[in-house]
Amino acid sequence: DVKVTQSSRYLVKRTGEKVFLECVQDMDHENMFWYRQDPGLGLRLIYFSYDVKMKEKGDIPEGYSVSREKKERFSLILESASTNQTSMYLCASSFVLGDQPQHFGDGTRLSIL
Amino acid sequence: AQSVAQPEDQVNVAEGNPLTVKCTYSVSGNPYLFWYVQYPNRGLQFLLKYITGDNLVKGSYGFEAEFNKSQTSFHLKKPSALVSDSALYFCAVSPDQTGANNLFFGTGTRLTVIP
């Protein structure tokens with residue numbers, strides 16, 4: 001089975017802190033994605049990566065950055081956390097072809113106080 | 001612009017009755033269509049996909065979905081609902097037939113199966 005592991009299930013941080021969310025996949029997938037999920041808004045893409053050291057902005061990249069130094073690991077960085085970044089964050093991975101499903105981690109529920 | 005609509009925020013159905021969760025999409029070309037399910041405090045799990053061919057697609061846990069090109073719909077169905085089917089369901093479309101496999105998600109439909 002595909003395993004996408006997010007480092008924390010719950011995280012509480014303070015406004016202005018630099019926050020790191022980590023994601024690891026074990027299926028040698030080329031693509032990796034970061035989404036945030038908010039009630040009534042569904043999933044919104046923050047960033048994605050289709051190869052090591054490659055990244056592309058999604059729909060809502062402002063206030064976030066990403067890092068992909070190894071194929072299996074994709075990190076989301078909140079440079080200076082703000083309360084409006086309180087949300088559920090979901091990582092996903094997939095093979096490169098468009099007909100392949102994305103596989104998701106269990107999410108990190110992040111609260112910014 | 002690509003978009004996915006799930007017109008019902010909430011669907012309630014009695015256990016044993018058939019269920020339908022609706023999805024319509026707007027995308028150029030021939031899309032790939034997906035359904036995912038999310039249980040509480042979990043990530044999304046893949047249920048089924050439509051790529052090409054037969055308009056009726058079968059997936060996990062007894063779910064199926066019907067692709068209708070003229071109505072641009074991809075409704076999720078199950079002949080007999082179980083209480084354990086209660087969850088949040090997402091429809092998604094991939095307009096890319098090659099490349100980065102970006103998905104556009106609907107806003108989700110919460111299914112409640114009443115015992």
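Before any of the text, the structure's been laid out above.
Residues numbered from 1 in each chain as written. Chains lettered and ligands numbered in written order. Predicted model: local features only at pLDDT ≥ 70, side-chain atom pairs only at ≥ 80, totals over all residues. Heavy atoms only, no water.

Participant: Describe the packing of aromatic side chains, naming the residues involved and giving the relevant values.
Facilitator: As enumerated under the stated definition, the model contains 16 aromatic pairs over all chains in all. A connected cluster of aromatic rings, assembled from ring pairs, spans A:F33, A:Y35, A:F48, A:F104, B:F34, B:Y36, B:F46, B:F90 and B:F105. The lysine or arginine in question, B:K78, covers the ring of B:F63, its NZ or CZ lying 5.0 Å from the ring centre. (Phe/Tyr/Trp six-rings, centres within 6.5 Å; stacked < 30°, edge-to-face > 60°. Lys NZ or Arg CZ within 6 Å of the ring centre and 35° of its normal.)

Participant: Residue-level account of the interface of chain A and chain B, with values.
Facilitator: How big an interface is tends to be expressed through the accessible area that disappears when the partners come together. Residue-level contacts link 24 residues of chain A with 24 residues of chain B. At the junction of chain A with chain B, the criterion picks out one salt bridge. Residues B:R42 and A:D106 are paired through a salt bridge, measuring 3.0 Å at the closest nitrogen-oxygen approach. Where chain A touches chain B, the interface holds five residue pairs in polar contact (both at pLDDT 80 or more). Within the residue set of the side of chain A that touches chain B, elements represented by two or more residues are β4 (31-38), β5 (42-49) and β9 (87-94) of chain A. Sorting elements by how many residues they give to the side of chain A that touches chain B places β4(A) first, with four residues. (Contact = heavy atoms within 4.5 Å. Salt bridge = Lys/Arg side-chain N within 4 Å of Asp/Glu carboxyl O. Polar contact = N/O pair within 3.5 Å; in protein donor to acceptor, adjacent residues only side chain to side chain. Helix = DSSP H or I, 4+ residues; strand = E, 2+ residues; numbered from the N terminus.)

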